Amino acid sequence: MTDQHTKLTLRNYFSYATLAFVIGLVTVGFGAVDLLMVGPLGIVHVAGVGQGDLIVSCLMAGFLGFVDVFAARFAAAEGGRDRGGRQVGLALGFLGTVVLCAVLAFALTWLVQPALVLMQQVDELVVPITDYVAHRLYGVAPFLVYLAASEALKISGQRTLALQILVAGLAANAGLNALFLYSPVSAYFASVESAVAVSTVLVHVAMAVAAAAIWLRLIGARSLIAHPDVWQHARGDLGFLMKTGPGISARLLNDYAGSVIPILFIGTMSTTTVAAAAIATKIYTIFCRVPQAAFSASFVYYSYGLEDWAGSANSQKAKAVIAQLRRYAAWPTAIALLVTLVSTPLLVRLFGGSELDVGLAGLLLLAYLLFVPLYFFEQFYGELLTAHAKAGLLFKASTAATYLITIPLAYFSVFYVESAFLAILGKGVAVAVLAAVYWVQFH
């Protein structure tokens, strides 16, 4: 297997980042397709699926730290040319964490409706949101397996295969949505929301099986699985994942919670405001695919070289690499921000439907975009700290920023000022604090 894909060059970086962007965009496309498909059925379903998708993204983030730790260790093994049994053992250890995550997700399904009632969501949206979230949580295990297998393919240089699986999944999701919503099959579902959620879960199962089977065949896992070293690696990696994964997951969960909980506060205002917030959030999420693709490429190429500088972030070689990665990430982020600002009216009308308050949705999107420069530094250095498995730091800093700054500001904005705009904008204060903390701690 050639090692050219692990070298940090402009071509390699942007090749990876471009593919990561397309993959991220298609991934977000699952939720976007759900919104587009239920749009003709009424604003209640738009709000229910939009709000439900946000909550699912937030809850899923509580499990994604395990995928990030898996990816960092997988990339370090790839960059150090320590493949084969080392990576198969890591995959087996990861499967142990998937079982625990699936059990926890099943338990969470019982808490969704009481939590929505406690947070005083609009009455007509409680059941639709619950239907969507509960059914999506049943699919946590295949979703995590798919993500890890897809990361393994991309890091191993098989990026086109990873994209092909995802595009096929998006097409299948759209087809199943149409079948489950607009054919006699719809009679078998209790609600519109449960139909689109089941569609997504079924597609994730198929994608997980395809991605895992392809990677296992490429690496020749059948000849490695019985080797004692593989199972020794599996035990060690399972312990490492269980030690560091929760802290990294907490950072991601806090990041999502800082966005979702203000939206839940906004959910007490009116169905129209909820729908506008859901559309603004979806467009912002699509925009974020650009910087997130750059951060993903930075994370992987930084992880490739960890063994070269013995894990030190302060070596001269590491400093040069970090400066190069920062430049590579900044330009596409700035261009995407400008394009999104210019095309905001068009994007809002495209996703909103005839009943949406277009002006309000555009204003709420602007609130997200105003703190993008701060978001860049917070996410960039957060990814590098994740590569070093600084779980404790990431957990403490993100928890403090989310629950001492973002959520109190959002609560005050909604329930005292009655401003959805300020509720979203308030996250920028926490992002500024985290950007400073991560920069100082990293250096």
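What counts, and where the lines are drawn
Residues numbered from 1 in each chain as written. Predicted model: local features only at pLDDT ≥ 70, side-chain atom pairs only at ≥ 80, totals over all residues. Heavy atoms only, no water. 1 Å grid on protein atoms, 1.4 Å probe; cavity = no way out; pocket = protein on both sides within 12 Å on 5 of 7 lines; lining within 4 Å. Points joined across faces, edges and corners; volume = space filled by probe spheres on them. Helix = DSSP H or I, 4+ residues; strand = E, 2+ residues; numbered from the N terminus. Nonpolar A, V, L, I, M, F, W, Y, C, P; charged D, E, K, R; others polar. Expected span 1.5 Å × (residues − 1). Buried < 20%, exposed > 50% of the residue type's maximum accessible area, 1.4 Å probe, protein only. Phe/Tyr/Trp six-rings, centres within 6.5 Å; stacked < 30°, edge-to-face > 60°. Axes fitted to C-alpha atoms, helices over the stretch in contact; angles between N-to-C directions. Parallel < 35°, antiparallel > 145°, perpendicular 65-115°, else oblique. Left-handed = near helix turned anticlockwise from the far one by under 90°. Contact = heavy atoms within 4.5 Å. Salt bridge = Lys/Arg side-chain N within 4 Å of Asp/Glu carboxyl O.

J.: Can you lay out empty space enclosed by the protein for me, pointing to particular residues and giving the numbers?
T.: For the structure on display, the rule yields 2 cavities of 30 Å³ or more. By volume, the second largest cavity is sized at about 90 Å³. Taken together, 14 residues form the lining of the second largest cavity, with Asn254, Asp255, Thr402, Lys427 and Leu434 sitting closest to its centre. Those elements giving two or more residues to the lining of the second largest cavity turn out to be helix 9 (228-266), helix 16 (391-415) and helix 18 (427-442). Across the lining of the second largest cavity, the residue classes tally to 5 nonpolar, 5 polar and 4 charged.

J.: Give a detailed account of helix 15 (residues 372-387), specifying residues and quantitative values.
T.: Because each turn of an α-helix spans 3.6 residues, side chains separated by three or four positions end up pointing in the same direction. Its 16 residues place the ends of helix 15 22 Å apart at the C-alpha level, agreeing with the 22 Å of an ideal helix rising 1.5 Å per residue. Taking burial as the measure, the 16 residues of helix 15 include 13 buried ones, the bulk of the element. At the exit of helix 15 stands Ala389, carrying a positive phi of roughly 55°.

J.: Explain unusual backbone geometry to me, and be specific about the residues and the numbers.
T.: Trans is the prevailing form of peptide bonds, just as negative phi is the prevailing case for residues other than glycine. In this model, Glu418 sits at a positive phi of 60°, which is unusual for a non-glycine residue. Its place among the elements puts Glu418 in the loop between helix 16 and helix 17 (420-425). Given a relative accessible area of 62%, Glu418 falls into the exposed group.

J.: Can you break down the packing of aromatic side chains residue by residue, with the values?
T.: Ring pairs (aromatic) are described by centroid distance and by the angle formed between their planes. What the rule picks out here adds up to 23 aromatic pairs. Their ring planes at 35° and their centres at 5.6 Å tell us that Phe70 and Phe74 sit as a pair that is tilted. Taken together, the positions of Phe70 and Phe74, both in helix 2 (residues 43-79) and 4 residues apart, correspond to about one turn of that helix. Look at Phe70 and you get buried, because its relative accessible area is 3%. Ring geometry for Phe380 versus Tyr381: centroids 5.2 Å apart, planes at 90°, classification edge-to-face. You can call Phe380 buried: its relative accessible area is 1%. Members of the aromatic cluster, connected to one another through ring pairs, are Phe295, Tyr302, Tyr375, Phe376, Phe377, Phe380, Tyr381 and Phe442.

J.: So what's going on with the packing of helix 2 against helix 11 (residues 289-304)? Residues and values would help.
T.: Contact pair helix 2 / helix 11: the axes reach a minimum separation of 7 Å and the direction vectors enclose 45°. Taken together, helix 2 and helix 11 sit at an angle that is classed as oblique. For the pair helix 2 and helix 11, the crossing hand works out as right-handed. Together, Asp68, Ala71, Ala72, Ala75, Ala76, Glu78 and Gly79 of helix 2 and Phe299, Val300, Ser303 and Tyr304 of helix 11 make up the contact between the two elements. Residues that form the contact of helix 2 with helix 11 fall into these classes: 7 nonpolar, 2 polar and 2 charged.

J.: Tell me about the layout of surface pockets, residues and numbers included.
T.: One number sums up the size of the largest pocket: a volume of about 360 Å³. As for the largest pocket, its lining consists of 15 residues, of which Ile55, Leu59, Ala115, Met119 and Leu264 are closest to the centre. Only helix 2, helix 4 (112-118) and helix 9 provide two or more residues apiece to the lining of the largest pocket. Broken down by element, the residue count for the lining of the largest pocket peaks at 5 residues, all from helix 9. Taken together, the residues that form the lining of the largest pocket break down as 15 nonpolar, no polar and no charged.

J.: Which residues make up the pattern of salt bridges, and what are the values?
T.: Evaluated as defined, the whole model comprises 6 salt bridges. Where Glu378 meets Arg251, a salt bridge forms, and the shortest distance between an N and an O atom there is 3.9 Å. Of this pair, Glu378 sits in helix 15 while Arg251 is found in helix 9, placing the two residues 127 residues apart along the sequence. According to the relative accessible area criterion, Glu378 is buried, its value standing at 2%. By relative accessible area, which is 2% here, Arg251 ends up buried. We note a salt bridge from Arg251 to Glu383, for which the minimum N-O separation is 3.5 Å. Separated by 132 residues along the polypeptide, Arg251 in helix 9 and Glu383 in helix 15 bring together distant segments of the chain.

J.: Requested: an account of the packing of helix 2 against helix 8 (residues 192-219), with residues and values cited.
T.: For any two helices packed against each other, the geometry is given by the interaxial angle and the distance between the axes. In contact at an axis separation of 11 Å, helix 2 and helix 8 are set at 20° when each is read in the N-to-C sense. The angle between the axes of helix 2 and helix 8 places the two elements in the roughly parallel class. Seen along the crossing, helix 2 lies across helix 8 with a hand that is right-handed. Side by side, helix 2 and helix 8 meet where His45, Val49 and Phe74 of the first sit next to Val192, Glu193, Val196 and Trp215 of the second.

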